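Given next are the chains, with one letter for each unit.
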Amino acid sequence: MEFQFSEKLLLALLILSSAGLFVWNLRAKIGLILEGPTDRVRTDHLGKRLARTVREVLLQTRVIGQRPVVGALHAAVFLGFLLFAIETVEHFLEGFSFSILEPLLGPALPGFRAGMTGVAAVVAVAILGLAFRRFVLVKTSPDPRSVTSGIVALFIFLLMVSYLNGISSNPVAPHANWWLHAIIILVFPHLILKSKHFHILMAPITLFFRGERLGDYVPLDLEALAEADVEEVCLGLEKVRNLPWKMRMDFFTCVECRRCTEACPAAQAGTALDPRGFILAGRQTLRAGRPDDQVSDTVISDEALGFCVTCGACENGCPVGVEHLQLLVGAKRAQALATGKGVVASDYFRAIETYGNPFGQPRADRRKLISDLEMPRFSGADGEWLLWLGCVWGYNPELRSAVRAFQEVLNTAGTRWGVLDEEPCCGHHSRRQGDEAQFQDLARRSLEILRQKKAKQIVTPCPHCLHTLRREHSSPDGDYRPQIVHYSELMHTLVVEGRLQFKPNGAQREAAYHDPCYLARYEAIIDAPRAVLAATGTTVRELPHRRGQTLCCGGGAAGFVRELEPEQRLDRVRRAEIVGSGADLLVTACPECRMMLGAAVDQTKDLAEVVAESVRAGQAGTRLAEPELTALGK
Ligand code: SF4
Ligand code: SF4
């Protein structure tokens, strides 16, 4: 196509002014992000980070994972966008009578164009599908009123149609068509910058800098803070200026999809907590430019924060790598350590401080449990398992049947095991409720005692203890690294090794299994409890929220000892789901979940109770078939 000199001049001016304005506005946004302090090293394990970014950006695994149809349509548009980059350059070069594709591809150009015709058609259909979902299926759309989304969808559709028209053998109004295509491309970046579509630029960067695992909190250096200048001390996210740059980046990257809010048990229970809401409030707060404002007045209220159980469902489902938990726990630290206001776990902290357990029970209660059940003391012998009871098994008499059942399972399997005379709280909930000082004190005491006892293998029924002992009680010199497993993993191994014999099962029974958040989502222990249940002849009736997408029982972040009004209780949402499943037996693999969901259906049992019953019922039993064992990677 031929262009006059005046058209070339106009095109050059438009390109320069569009690019200039874009860079100017982008600078302002980047400036707001870079004003934030650094919270941790985010450039380590470069290879891993790059591989993850490629997987999550190019293959769109996070987007497709939870919403396969919408995700696939999104992936088609995104990949089409990337493929069109070279055609976009070619389009503008054509305006100046240049081409790179012709010399580059030569006779292969028609074939390339035929391929791009297919890509354009797929992108056009995909964007129509996404627009249909947003503006017609309004019930499932995150924000059916979004005008920008409508304009972006229209622009993408017009880009594809004008491209197809432009390369056809007999194009309609070719000159006007060319300019329409060019103008849309020149306006598009500004639309991106001013809307949630900024994620097109930011998501790859946010995903690259994201932490490696869910809920990986940087310990506060309390000694250094004690000696630091008062002005420099930062005990959590108290003021807007304390918000780190990655968190600011998260605020601007959020695509407003509502996945986090839909997954949040507190939002489902109708409380004031709304993960998407506080991320968007963070964005507004940065734009307001008042660094000395309180985070609790601007980003997330103390009331909303009080309902978070740190279940991680919000962050786990976010397609663009927003790290909600860093904000939630950072704000909790400010409550507990700096402002002292809004703390919902004061009673919990006090009970731990005074009695060493969350129930405020005398330490003698745990000693009595050990002597009543005649539990062996851990001696540190080779091959011996240390059974870390955790506070709930140690102090809640209602769960004694579960303790007894696991004891029976261990004994039946001929396992050498023992418990500690004194077991400190691992500090899991103290950290998640913001009291980092209490957590670090408890972690140091736990580590000391485990090291003293030379425990090399630790088994615990509690996913919270498991996660904390495994991930957070690191030995400062790194020389003490015991093996720490969940009791479902150990029971699974015992089954596989044929050390547990079950009743031959004519009468199969069914049970709903509740995946604990810290087991399934944080530790990815999903198949072991199911395999153990299968070995006992129990068929799992899967709940709507299951495996990595499980729904919290409400016990997290000290929720299992908090008194709440019935309408504020998170467990009622999960209970309703369990009741809705029609199961009359519920199996849990976490002492806290067992407490929270105790009376959900006719019977609620601990996994160990189900195994013990089955073992008791007979010796000539079933063993897992070989293919099942292979599938579990054992
Ligand atoms: S961690 Fe769980 S409770 Fe807290 S905001 Fe996220 S989804 Fe909601
Ligand atoms: S934070 Fe993530 S999951 Fe939540 S609305 Fe934003 S993009 Fe969606």
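Everything here concerns the structure above.
Description of the structure in this document.

Conventions we followed
Residues numbered from 1 in each chain as written. Chains lettered and ligands numbered in written order. Predicted model: local features only at pLDDT ≥ 70, side-chain atom pairs only at ≥ 80, totals over all residues. Heavy atoms only, no water. Near = heavy atom within 4 Å. Helix = DSSP H or I, 4+ residues; strand = E, 2+ residues; numbered from the N terminus. Nonpolar A, V, L, I, M, F, W, Y, C, P; charged D, E, K, R; others polar. Disulfide = S-S within 2.5 Å. Buried < 20%, exposed > 50% of the residue type's maximum accessible area, 1.4 Å probe, protein only. Salt bridge = Lys/Arg side-chain N within 4 Å of Asp/Glu carboxyl O. Patch = residues over 30% accessible without salt bridge, like charges linked within 9 Å, V, L, I, M, F, W, Y side chains within 5 Å. Areas by Shrake-Rupley, 256 points an atom, 1.4 Å probe, with all protein chains shown as cover. Axes fitted to C-alpha atoms, helices over the stretch in contact; angles between N-to-C directions. Left-handed = near helix turned anticlockwise from the far one by under 90°. Contact = heavy atoms within 4.5 Å. Pairing = 2+ DSSP bridges. Phe/Tyr/Trp six-rings, centres within 6.5 Å; stacked < 30°, edge-to-face > 60°. Lys NZ or Arg CZ within 6 Å of the ring centre and 35° of its normal.

A few words on the site of ligand 1. Ligand 1 sits among 13 residues. The nearest are Cys264, Cys308, Cys311, Gly312 and Cys314. For the shell around ligand 1, the secondary-structure elements that each account for two or more residues are helix H18 (313-317) and helix H19 (324-339). Residues that form the shell around ligand 1 fall into these classes: 11 nonpolar, two polar and no charged.

A separate point is the state of the cysteines. Under the defined criterion, the tally for this structure stands at zero disulfides. Here Cys234 is not disulfide-linked; the sulfur of Cys308 is the nearest cysteine sulfur, at 19 Å. Unpaired in this structure, Cys425 has its nearest cysteine sulfur neighbour in Cys391, at a distance of 4.1 Å. Residue classification places Cys425 among the buried residues on the basis of a relative accessible area of 5%.

As a further point, take the pattern of salt bridges. Tallied over the entire structure, the rule returns 46 salt bridges. A salt bridge links Arg213 to Asp216, with the shortest nitrogen-to-oxygen separation between them at 3.4 Å. With its nearest N and O atoms 2.7 Å apart, the salt bridge here joins Arg530 to Asp515. Of this pair, Arg530 sits in helix H29 (residues 527-535) while Asp515 sits in the loop between strand E5 (509-514) and helix H28 (517-521), and the two are 15 residues apart along the sequence. Each of the two residues, Arg530 as well as Asp515, counts as buried. Here the salt bridges do not stand alone but share partners, grouping Asp39, Arg42, Lys246, Asp250 and Glu323 into one network.

This brings us to a nonpolar patch on the surface. Among the surface-exposed residues, Val54, Leu58, Leu59, Leu79 and Leu82 lie close enough to one another that they form a single nonpolar patch of about 420 Å² accessible area. Among the elements of the structure, helix H2 (46-58) and helix H4 (68-83) are those that each provide at least two residues to the nonpolar patch. With respect to the secondary-structure elements, Val54 resides in helix H2. For Val54, a relative accessible area of 44% corresponds to the partly exposed category.

Every one of the 13 residues lining ligand 2 counts as a neighbour, but Cys254, Cys257, Arg258, Cys260 and Cys318 are closest to it. Among the residues making up the shell around ligand 2, the classes are represented as eight nonpolar, one polar and four charged.

Let's shift gears to the packing of helix H10 (residues 199-209) against helix H12 (residues 245-253). At a closest axis distance of 9 Å, the pairing of H10 and H12 adopts a crossing angle of 145 degrees. Relative to H12, the crossing made by H10 is left-handed. On H12, the residues touching His199, Met202, Ala203, Ile205, Thr206 and Phe209 of H10 are Trp245, Lys246, Met249, Asp250 and Thr253. Taken together, the residues that form the contact of H10 with H12 break down as six nonpolar, three polar and two charged.

Pairing is parallel across the open sheet formed by four strands, whose spatial order is E2-E1-E3-E4. Only two strands of the sheet have a single partner each, and these edge strands are strand E2 (417-418) and strand E4 (483-486). Strand direction decides the pairing type here: strand E1 (residues 385-387) and strand E3 (residues 457-460), joined by two bridges, are parallel. Opposite Leu386, over in E3, you have Ile458 as the bridge partner.

Attention now goes to the packing of aromatic side chains. If you walk through the whole model with that rule in mind, you get 13 aromatic pairs. On the numbers, 5.3 Å between centres and 80 degrees between planes, the contact of Trp178 with Trp179 is edge-to-face. Clustering of aromatic rings is evident, with ring pairs tying together Phe3, Trp178 and Trp179. The positively charged end of Arg27 is found above the aromatic ring belonging to Trp24, 4.9 Å away from the centroid. For Lys29, the ring lying beneath its charged end belongs to Phe198, and the centroid distance is 4.3 Å.

As far as function goes, none of this settles anything; it's purely spatial.
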